[in-house]
Amino acid sequence: FDTNATPSKMALGFGPAHLPAFKPAAPDLQAALDQKHLFVVYQPKIHCATGRVSGLEALVRWQHPDHGLITPDRFICLAEEAGLIDSITLAVLHDALPWFAQLSTDYGGLGELTLSINISARSLGRPELIDAIVNLCARSGVSPSRLIFELTETAAMDEPVAALTLLTRLRVHGFMLSLDDFGTGYSSMLQLVRLPFSEIKIDRSFVASAATSQESRAVIRCITDLGRSLGMKTTAEGVEDAATHAYLQEIGCDLAQGYLFARPMTRQLLTNWMDQQLA
Ligand code: C2E
Ligand code: CA
Ligand code: CA
Ligand code: CA
């Protein structure tokens, strides 16, 4: 029983707070895929030095007819366990690619944009997925070099052999690869340089505390230096304040993402945001 659920809150349509929180199960997710209840929001990535947009990250959402908006932390794990994660990846690409192709043309004045897609560890070792990705890309006319696949550090290191196989296949097709949530796992430098990543994303936990923690700033600087010496781009995720942005500029971090610049947005909101960037 939720003691915060005042009658006035419920009358205002804050949802059935008296019911236990909805725990989605595999058939719910399958139904969501079938009925196209999943959709994609896009968060801009910006060049630290100039503040100009460099690309977008696609982030999946589930609009449930009865339970409202469900964020990925509540269903990606389930999707992986239920064997539905590849269907989600393909649904995201199916939705995003043709639109992104059009957007890149419409906003050509903003330079070459990239599109980042999150890919699950459970998809490692699935050659069929790669064929499907290559086909979707070709059909929508998006060059593979504009697509960045993000894999978390833990995923890459849990199964280094499978990771190397999948990542190498993607690289051979010309896709870019990004090591997500860097700094949270236990990868050795050796493993890192063996994998063909073109970008490192500094985990939000360090970035969020940069303004107040000397230690976090040291970690961020160290990862940025590492990226530079390995010829990789570094992206700081979760930038929320101007002081952190200034620090990232000072140490030469390439790219940033976070609420300071823009939240993940629906297509409509995103095009409004892009219009402002052009203005
Ligand atoms: P992630 O890939 O590390 O994505 C970044 C998360 O941080 C997103 O949460 C984003 O909304 C949030 N974020 C961005 N800027 C800020 C900020 O300034 N402050 C704070 N507090 N948060 C910020 P989201 O969208 O809930 O996604 C959570 C995770 O779910 C993602 O983490 C990713 O691992 C996973 N995910 C999302 N979409 C997909 C997908 O299509 N496929 C797969 N396999 N995983 C996905
Ligand atoms: Ca990501
Ligand atoms: Ca991340
Ligand atoms: Ca994350």
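Residues numbered from 1 in each chain as written. Chains lettered and ligands numbered in written order. Predicted model: local features only at pLDDT ≥ 70, side-chain atom pairs only at ≥ 80, totals over all residues. Heavy atoms only, no water.

*Asks:* Would you explain the side chain of R61 in this entry?
*Replies:* When you line up the elements, R61 lands in strand β2 (residues 53-64). Here R61 is buried and forms no salt bridge, its nearest opposite-charge partner D73 lying at an N-O distance of 6.9 Å. Residues in contact with R61, not counting those within four places in the same chain, are H37, L38, F39, V41, L69, I70, T71, P72, F75 and P264. (Helix = DSSP H or I, 4+ residues; strand = E, 2+ residues; numbered from the N terminus. Buried < 20%, exposed > 50% of the residue type's maximum accessible area, 1.4 Å probe, protein only. Lys, Arg positive; Asp, Glu negative; His and termini not counted. Salt bridge = Lys/Arg side-chain N within 4 Å of Asp/Glu carboxyl O. Contact = heavy atoms within 4.5 Å.)

*Asks:* Explain the coordination of the calcium ion (ligand 3) to me, please; I cannot follow it from the model alone.
*Replies:* Each donor-metal-donor angle in an ideal tetrahedron of four donors is 109.5 degrees, and each such angle in an ideal octahedron of six donors is either 90 or 180 degrees. Around the calcium ion (ligand 3), the protein contributes the donor atoms D180 (OD), D181 (OD), E237 (OE) and E237 (OE), at 2.2 to 2.5 Å from the metal centre. Look at where the donors of the calcium ion (ligand 3) fall in the sequence and you get D-D-x55-E. (Donors = N, O, S within 2.8 Å, 3.2 Å for Na, K, Ca; no water.)

*Asks:* Looking at this structure, how should I read the side chain of D180?
*Replies:* As for its placement among the helices and strands, D180 is situated in strand β6 (residues 176-182). It is K201 that comes nearest to the buried, bridge-free D180 among opposite-charge side chains, at 4.9 Å. Filtering out sequence-adjacent residues up to four positions away, D180 remains in contact with N118, E150, L151, T152, E153, K201 and E237.

*Asks:* So what exactly am I meant to see when it comes to the packing of aromatic side chains here?
*Replies:* The geometry of two aromatic rings is summed up by the distance between their centres and the angle between their planes. One pass over the structure, following the stated rule, counts four aromatic pairs. Seen from their ring centres, W62 and F75 are 5.5 Å apart, and the 90° between their planes marks the pair as edge-to-face. In this pair, W62 sits in strand β2 while F75 sits in the loop between β3 (68-70) and α3 (76-81), placing the two residues 13 residues apart along the sequence. Residue W62 shares its accessibility class with F75, and that shared class is buried. Each residue in the set F22, W62 and F75 is aromatic and connected to the rest through ring pairs, giving one cluster. Taking the ring centre of Y259 as reference, the NZ or CZ of R263 above it sits at 3.8 Å. (Phe/Tyr/Trp six-rings, centres within 6.5 Å; stacked < 30°, edge-to-face > 60°. Lys NZ or Arg CZ within 6 Å of the ring centre and 35° of its normal.)

*Asks:* Would you mind going over the coordination of the calcium ion (ligand 4) with me for this structure?
*Replies:* For the calcium ion (ligand 4), the full set of protein donor atoms is D181 (OD) and D181 (OD), and the range of their distances to it is 2.8 to 3.0 Å. Separating the calcium ion (ligand 4) and the calcium ion (ligand 3) is a distance of 3.6 Å, and D181 donates to both of them. Within the fold, D181 resides in strand β6.

*Asks:* Even after reading the chapter, I still don't get the site of ligand 1, so can you show me in this structure?
*Replies:* Looking at ligand 1, there are 21 residues lining it, with Q43, R61, R204, E240 and Y259 nearest. Within the side chain of R61, one N or O atom sits 2.9 Å away from an oxygen atom of ligand 1. One nitrogen or oxygen atom from the side chain of D180 is found 3.1 Å from an oxygen atom belonging to ligand 1. Out of a free accessible area of 800 Å², ligand 1 has 84% covered by protein chains. Listing elements by their share of the shell around ligand 1, those giving two or more residues are β2, α4 (85-106) and β6. Tallied by class, the residues present in the shell around ligand 1 amount to nine nonpolar, five polar and seven charged. (Near = heavy atom within 4 Å. Polar contact = N/O pair within 3.5 Å; in protein donor to acceptor, adjacent residues only side chain to side chain. Areas by Shrake-Rupley, 256 points an atom, 1.4 Å probe, with all protein chains shown as cover. Nonpolar A, V, L, I, M, F, W, Y, C, P; charged D, E, K, R; others polar.)

*Asks:* How should helix α7 (residues 160-172) be read in this particular structure?
*Replies:* A turn of α-helix holds 3.6 residues, and therefore any two residues three or four places apart point the same way. End to end, α7 covers 18 Å across 13 residues, agreeing with the expected 18 Å (1.5 Å per residue, within 8%). Every buried residue of α7 is accounted for by A162, A163, L166, L167 and L170. Looking down the long axis of α7, one finds its buried residues gathered within 120° of arc, a one-sided arrangement. Exposed residues lying more than 90 degrees from the buried face of α7 are V161 and V172. Contacts from the buried residues of α7 go to α5 (127-140), β5 (147-152), α6 (153-158) and β6. Positioned one or two residues after α7, G174 has a phi angle of 95°, which is positive. (Expected span 1.5 Å × (residues − 1). Arc of directions from axis to C-beta.)

*Asks:* Is there a simple way to think about the pairing of strand β1 (residues 38-47) in this case?
*Replies:* Regular strands place their side chains on alternate faces of the sheet. In terms of burial, β1 is largely enclosed, as eight of its ten residues are buried. Where β1 and β2 come together, nine bridges link them in antiparallel fashion. Following the sheet pairing, K45 is matched in β2 by G55. If you look at the hairpin formed by β1 and β2, you'll find five residues sitting between the two strands, and G51 has a positive phi there, around 80°. Where β1 meets strand β9 (residues 255-256), two bridges bridge the pair, whose relative direction is antiparallel. Each residue of the ladder has a partner; that of I46, found in β9, is A256. (Pairing = 2+ DSSP bridges.)

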